[in-house]
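Inside the fold
As a plain string of letters, each chain reads:
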Amino acid sequence: RATLGVMGGGQLGRMFVHAAQRLGYFTAVLDPDAKSPAGLVSHHHIQSDYSDPAGLAQLADLCQAITTEFENVPSQALQKLAQTRPVAPGATVVGIAQNRIEEKAHFAACADISGVTCAPYAVIETPAQLQAALEGRTDLMPGILKTARMGYDGKGQIRVKTTSELAAAWAELGGVACVLEKMLPLTAECSVLVARGWDGQVVSFAPQSNVHVEGILAVTHAYEGNMPPALATNARDAAVAIAQHLGYVGVLCVEFFVVDDGSTHGGLVVNEMAPRPHNSGHYTLDACDASQFDMQVHAMAGLPLPKPRQHSPAIMLNLLGDVWFDASGQLQEPNWQAVLSLPGTHLHLYGKSEARVGRKMGHLTITGPDIASVKTVARRAAELLRLPGLDTI
Ligand code: ATP
Ligand code: MG
Ligand code: MG
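Residue positions are given per chain, counting from 1 as you read along its sequence in written order. For naming, the first written chain is A and the first written ligand is 1, with later ones following in the order written. Confidence filtering applies because this is a predicted model: local features only for residues at pLDDT of at least 70, side-chain atom pairs given and counted only at 80 or more, and all residues used for totals across whole chains, interfaces and linings.

Named according to an unreviewed UniProt entry, the protein is N5-carboxyaminoimidazole ribonucleotide synthase originating from Hymenobacter gelipurpurascens. A UniProt comment under Subunit (unreviewed entry) is attached to the protein, and it reads "Homodimer." UniProt positions are given in the numbering used here, feature names are shortened, and annotations may be inferred rather than shown by experiment. Listed in UniProt under the heading Pathway (unreviewed entry), the comment for the protein reads: "Purine metabolism; IMP biosynthesis via de novo pathway; 5-amino-1-(5-phospho-D-ribosyl)imidazole-4-carboxylate from 5-amino-1-(5-phospho-D-ribosyl)imidazole (N5-CAIR route): step 1/2."

Our next topic: the domain arrangement of the protein. For the purposes of this description, domain bounds are those given by an automatic or database domain assignment. According to the domain assignment, the protein consists of domain 1 (3-87), domain 2 (120-182) and domain 3 (186-392). Taking the mean C-alpha position of each, domain 1 and domain 3 sit 24 Å from one another. Note that contacts rest on C-beta atoms placed from the backbone: two residues are in contact if these are within 7 Å. The interface of domain 1 with domain 3 comprises 19 residues on the first partner and 17 residues on the second. Those elements giving two or more residues to the side of domain 1 that touches domain 3 turn out to be α1 (11-22) and β4 (65-68). Only DSSP runs of H or I with at least four residues qualify as helices, and only runs of E with at least two residues qualify as strands; both kinds are numbered from the N terminus onward. Per-element tally for the side of domain 1 that touches domain 3: the top contributor is α1, with eight residues. Gly is put with the polar residues, along with every residue not named as nonpolar or charged; the nonpolar set is Ala, Val, Leu, Ile, Met, Phe, Trp, Tyr, Cys and Pro, and the charged set is Asp, Glu, Lys and Arg. For the side of domain 1 that touches domain 3, a count of residues per class yields eleven nonpolar, four polar and four charged.

Below, the discussion takes up the site of ligand 1. For each residue, a C-beta atom is positioned from the backbone; the residue is called near a molecule or strand if that atom sits within 6 Å of it. Taken together, 19 residues lie around ligand 1, and Tyr152, Asp153, Glu181, Leu184 and His212 are the ones closest in. Only β6 (143-147), β8 (178-182), β9 (186-196) and β14 (268-274) provide two or more residues apiece to the shell around ligand 1. Here the shell around ligand 1 is composed, by residue class, of six nonpolar, five polar and eight charged. A domain split of the shell around ligand 1 shows at least three residues from each of domain 2 (120-182) and domain 3 (186-392).

Turning to the sheet that holds β4, a few remarks are in order. Only when DSSP finds a minimum of two bridges between them are two strands counted as paired. Spatially, four strands are ordered β3-β2-β1-β4 in an open sheet, and the strand pairing comes out parallel. Looking along the sheet, the strands with just one partner apiece sit at the ends: β3 (44-46) and β4. Adjacent strand axes in the sheet meet at a mean angle of 20 degrees, parallel and antiparallel pairs treated alike. Along the sheet, helix α11 (residues 292-301) contacts β1 (3-7) and β4; its crossing angle with β4, the most-contacted strand, is approximately 140 degrees. Convention adopted: a line fitted to C-alpha atoms gives each axis, helices being fitted over their contacting stretch, and angles between N-to-C directions are expressed from 0 to 180 degrees.

Following this line, the structure appears as structure tokens:
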């Protein structure tokens, strides 16, 4: 049997391992943490730093092909692996997705074919650029200053009401390369998962609409009618165009903002992309005949990509570590008995050793025969678990 490798041992790697093993593959996970969620369930776990040549050599020796689950894997490491093994997605595209400045330049470069642009922004890498923004970019206010690299779940971002707050915000972020984005009045957010093979074959999932609370994904709505049909078509086409323009191989998630521009089909603004399966695509495990992780396995292993079909409407609720603490702050296992007695509930726990506030511990997907019953169960589950975003279900 062949072995498939993954850089990173988090929950996305764990779900990749499950999908690969179901197809009969052996798996190898490279992660520095001895107790990483994916490492715990993989045939091979290489406990190594992402850029350690010995660990990389061991991974390449073991594997037929290698993917990544963690967007901040050093692109040099992927480049090194690619000298001897197929690596999907490749170092160049992962490098673009790791840096908001390059990412936005890519979105701009393919705006003609994707039909979408990103929010107005300015690059702030130097004190001179900060000064220029202070003086000349009141049009970006109120704004949001984001580090170009390493941010996730809303970390590495500071909201600024006026330019007078900008210098302090940049200093607080460490004076590193940043983008200053205009805050847009969002009416919704959505994302699209695209899978593309070595031969250029492309498939995509229908767009899901996402609710974020404090910069972290809380609820994903995945069913017909979750957004106007023309908007869904535009988002899907745009994501495919963005993947194609990158020559992407593997699974790509493109996140969009929706703003009210008076049209029923427009109002789409591209936010960012993740070079891997995505939290907002977890519903595909329970609601589709092929999941985003099945697509990742197929794409990297050179298998045909099945056109996915969603067989049930679904709502996904993210389970952050917060759920493990009761009202008085005591650590307490959530009441799974009550949650799992609700029909159509699919609980996924990632096997993390310790619950911490804000840490992604698992998710709950609700499927059912129709949207109304899915919503009823999702509301009840969200109430039982005291989850945020209840009012959006
Ligand atoms: P992820 O975990 O998705 O990678 P991230 O830390 O990279 O998140 P973003 O996607 O840039 O962060 O922003 C997080 C959330 O903050 C967005 O989903 C959106 O709700 C809000 N947000 C970010 N930028 C803007 C903006 N320009 N206008 C309005 N809201 C925004
Ligand atoms: Mg991000
Ligand atoms: Mg995001």
